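Residue-level structure breakdown
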Number of protein chains: 2
Amino acid sequence: MATIYQVSELAGVSLATVSRVMNGGTRVSEKTREKVNKAMETLNYRPSSIARSLASNCSNSVGILVSELHGPIYGAMMSGIEKQLRTAGKHVIIAAGHSDAASEKDGIEFLIARNCDALILHVEAVSDEYLIELATTQHKFILINRYIPQIADNCISLNNRRGGYLATKALLENGHRDIAYISGPLWKMDASDRYLGHQEALAEHGIICNDALLSEGNFQEEGGNECMLALLETKIPFSAVVCANDEMAAGAMQAARDKGMAVPNDISVMGFDNVLLAQYMYPKLSTVNYPVQDMGKMAASWILKNIYQANQPDVSHVFEPELVWRDSVISLKR
Amino acid sequence: MATIYQVSELAGVSLATVSRVMNGGTRVSEKTREKVNKAMETLNYRPSSIARSLASNCSNSVGILVSELHGPIYGAMMSGIEKQLRTAGKHVIIAAGHSDAASEKDGIEFLIARNCDALILHVEAVSDEYLIELATTQHKFILINRYIPQIADNCISLNNRRGGYLATKALLENGHRDIAYISGPLWKMDASDRYLGHQEALAEHGIICNDALLSEGNFQEEGGNECMLALLETKIPFSAVVCANDEMAAGAMQAARDKGMAVPNDISVMGFDNVLLAQYMYPKLSTVNYPVQDMGKMAASWILKNIYQANQPDVSHVFEPELVWRDSVISLKR
DNA sequence: TTGTATGCGTTATCAC
DNA sequence: GTGATAACGCATACAA
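Residues numbered from 1 in each chain as written. Chains lettered and ligands numbered in written order. Predicted model: local features only at pLDDT ≥ 70, side-chain atom pairs only at ≥ 80, totals over all residues. Heavy atoms only, no water.

An unreviewed UniProt entry lists chain A under the name Transcriptional regulator, with Paraglaciecola chathamensis given as the organism.

In structure tokens, the structure reads:
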């Protein structure tokens, strides 16, 4: 590997000059610039990003922590982030937090130890206090899908409550009155917010929310399956079920079918997230769109703007969900 | 941020000694070790991985290039890799190649410029020659899902041909004789290998492969949909279709249904990959398992063993697919 | 516009 | 066992 010193030697200039043409800041005469460029060319010179980081105190790397590296939501999110960041020449270091507090802290420590200039965090288990504390240290980070009032500027979140509201409202407007709800783990903010929206829509239509029609799942297919079975077990009639994410909706649909019910004719199913899977399902799943890829891009923009002083458009901190109407919900109105 | 120098000062030893207790190589007296540890503790000292990299000429980072960061296959792959690597204290830098030669080269360059100690590559568009050439440089890398004889040691691949064979054989053994095939882009090695396996199974059963029953898709749902439509258009009867991946199988199933055919009663559908989606589908998709997460782990093991001299089990370079029987295929035998 | 000198926080090679 | 001291490859004040 050629070093900057060898380049300077070949070009017959000082190493400082080589550094200048690389970074393009101060002015260099056209002649020497060409000499240097040619030298870099023939030596196939590649600057060492490590040495550069050490000298400039900037690693040009941002750490990403997601719950899982697989899973459609995280995939879309990382995709949005990477695209944005790489075109800016920053690199992306990833780690998984597994929705576990210890593991999440561990991941954050890991990323910090790697000298990331900034962090993009999708954490669920770690406490608000921990994050507020983290914000007071020198570490810069932005939170995705989480809102903490004290550090609102560091948050990019979805209006989950509104999403839950939209889902249930759509059902209500199509004549459904008895609506079951399969929730994610209620200790997770997004899960409880979505459920709140559901209750809100119900109230708006003068319907008393029946706790027996709530079942708490785990955001996974298997959980949706089990919850649906439990719901059916209660013998309380319901014509529709809204699920707090699409995976659970898939599980719920299967459970219903296993019990001999047809979707959507016997029971309507509403999802949440609008992951790719939703269109693959049969019937195609009606759901609420969670623009997570855009939110990833936005997080990257925030970093570019606030950490690297790049010229970026203003960032929006809260995104609005939208209803996606497909085939898994039937209208009860004639 | 405290530096090693401040630690040495507080502990009353030289900075060389601090370095020794950190790296634990040579012997240090128990007393000074404790002094140093205490000093590190009170200063909340974190060694700079960057300075360490510069001095040791080892960045402890490995670059991963996949076609897309979203997509179930890549998610599972990255997940396997990250898990393995992080427990070894290595970090993972990711980039996307988008199945495009220029973009893939660009990604590789990017990763190399980032001083990765090694690369894990899932590349499709770049030529064998390029990779062979790359192997002759000082850059260490391992290929996933690609086999190049000249650099076989750098390859971890699936026996795609065998997978295609298994898929079609299962259909054959259940009485199907007229079998259509929806392929991935045939310029991709895995796609053509899978098709080869299909032909092999056909030949073994004395069936002449009808080119009119081959339709070349794009490995995406929409492509599967279009291919199925085209196949139906030919009016050539077939009782089953094997698709080169699960996404296309989803598309094919939808197309069949749109034409009023039931799956599997009117037509059987076989997938390939066994992504999570396959179990979510209705009917649940029969498919061929592609153990990509294990292959990711194996790639990580290879790196740990060959680059970092870690103690790792032997790596297997070619993985075998397995048939997964579910509900999308019907037996024609009574 | 260009060159010199110093520092970034470690590891590693010597001595002691 | 421990301590100086020289790399590592580059950025950057400061001079020229």
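1. Focus: the pattern of salt bridges
Scanning all chains against the criterion turns up 18 salt bridges over all chains. Notably, a salt bridge pairs Lys188(B) with Glu124(B), separated by 3.1 Å at the nearest N-O pair. With Lys188(B) in the loop between β6 (179-183) and α9 (189-204) and Glu124(B) in the loop between β3 (118-121) and α7 (128-136), this pair connects stretches of sequence that are 64 residues apart. No difference in accessibility class separates Lys188(B) from Glu124(B), as the two residues are buried. For Lys169(B), the salt bridge identified is with Glu173(B), shortest N-O distance 3.6 Å. Here Lys169(B) pairs with Glu173(B), and both are found in helix α8 (residues 160-173), just 4 residues apart, close to one helical turn. When its relative accessible area of 23% is taken as the criterion, Lys169(B) is described as partly exposed. The network of salt bridges with shared partners includes Glu82(A), Arg86(A) and Asp106(B). (Salt bridge = Lys/Arg side-chain N within 4 Å of Asp/Glu carboxyl O. Helix = DSSP H or I, 4+ residues; strand = E, 2+ residues; numbered from the N terminus. Buried < 20%, exposed > 50% of the residue type's maximum accessible area, 1.4 Å probe, protein only.)

2. Comments concerning the sheet that holds strand β9 (residues 268-270) of chain A
Residue and element names in this part refer to chain A. Reading across the sheet, the 4 strands line up as β7-β6-β8-β9 and stay open at both edges, with parallel pairing between neighbours. Looking at strand neighbours, the two that pair on one side only are β7 (214-216) and β9, the edges of this open sheet. Between one strand axis and the next, the sheet turns through 15 degrees on average, direction left out of account. In this sheet, strand β8 (residues 240-243) lies alongside strand β6 (residues 179-183) in parallel orientation, the contact comprising 4 bridges. Each residue of the ladder has a partner; that of alanine 180, found in β8, is valine 241. Contacting β6, β8 and β9, helix α8 (residues 160-173) crosses the sheet at an angle of about 165 degrees to β8. (Pairing = 2+ DSSP bridges. Axes fitted to C-alpha atoms, helices over the stretch in contact; angles between N-to-C directions. Contact = heavy atoms within 4.5 Å.)

3. Notes on the protein's contact with DNA strand C
Taken together, 27 residues are adjacent to DNA strand C, and Thr17(A), Arg20(A), Thr32(A), Ile4(B) and Ser19(B) come closest. Backbone atoms, meaning sugar plus phosphate, form 63% of the atoms of DNA strand C positioned within 4 Å of the protein. Within the side chain of Thr17(A), one N or O atom sits 2.6 Å away from a phosphate oxygen of DNA strand C. Taking Ser48(B), its main chain carries an N or O atom lying 2.9 Å from a phosphate oxygen of DNA strand C. For the surface near DNA strand C, the element with the highest residue contribution is helix α2 (residues 15-23) of chain B, accounting for 5 residues. The residue makeup of the surface near DNA strand C, split by class, is 14 nonpolar, 9 polar and 4 charged. (Near = heavy atom within 4 Å. Polar contact = N/O pair within 3.5 Å; in protein donor to acceptor, adjacent residues only side chain to side chain. Nonpolar A, V, L, I, M, F, W, Y, C, P; charged D, E, K, R; others polar.)

4. Notes on the relation of the copies chain A and chain B
Mapping chain A onto chain B leaves a residual RMSD of 0.2 Å; the transformation is a rotation of 180 degrees accompanied by 0.1 Å of translation along its axis. Classification of the inter-copy transformation places it as that of a two-fold axis. Within chain A, Ile93(A) has its C-alpha nearest the rotation axis, a separation of 2.3 Å. When the interface residues of chain A are mapped onto chain B, 100% of them are again interface residues, pointing to one common binding face. (Least-squares fit on C-alpha atoms with pLDDT ≥ 70 in both.)

5. Structural notes on unusual backbone geometry
Residue and element names in this part refer to chain B. Of note, the amide linkage connecting valine 263 to proline 264 takes the cis form, showing an omega dihedral of 5 degrees. Tracing the sequence through the fold places proline 264 in the loop between α11 (246-258) and β9 (268-270). For the bond running from tyrosine 282 to proline 283, omega is -5 degrees, close enough to zero to count as cis. In this fold, proline 283 is placed in the loop between α12 (277-280) and β10 (287-289).

6. Some remarks on the environment of Leu213(A)
Residues and elements named next belong to chain A. Mapped onto the elements, leucine 213 comes out in the loop between α9 (189-204) and β7. Sequence spacing of leucine 213 and isoleucine 236 is 23 residues, and the spatial spacing of their C-alpha atoms is 7.8 Å. Beyond its immediate sequence surroundings of up to four residues, leucine 213 is in contact with Ile179, Ala180, Tyr181, Leu231, Ile236 and Phe238.

7. Points about helix α6 (residues 101-113) of chain A
In a regular helix each residue adds 1.5 Å, so 13 residues correspond to 18 Å; α6(A) covers 18 Å between its end C-alpha atoms and thus fits that length. For α6(A), the full list of buried residues reads Ser103(A), Glu104(A), Gly107(A), Ile108(A), Phe110(A), Leu111(A) and Ile112(A). Among the structural elements, β1 (61-66), β2 (91-96), β3 (118-121) and α7 (128-136) of chain A together with α5 (72-87) and β2 (91-96) of chain B are those in contact with the buried residues of α6(A). Count one or two residues on from α6(A) and you reach Asn115(A), which has phi positive near 60 degrees. (Expected span 1.5 Å × (residues − 1).)

8. A short note on the interface of chain A and chain B
Each partner contributes residues to the interface: chain A has 47 residues there, and chain B has 48 residues. Between chain A and chain B, the buried area comes to about 4300 Å², and carbon and sulfur atoms account for 59% of it. There are 4 salt bridges connecting chain A and chain B. The partner of Glu109(A) in a salt bridge is Arg46(B), and the shortest N-O contact between them spans 3.5 Å. Remark: the boundary between chain A and chain B carries 23 residue pairs in polar contact (both at pLDDT 80 or more). Contributing elements (two or more residues each) for the side of chain A that touches chain B: α4 (49-56), α5 (72-87), β2, α6, α11 (246-258) and α12 (277-280) of chain A. (Buried area = accessible area lost by both parts, 1.4 Å probe.)

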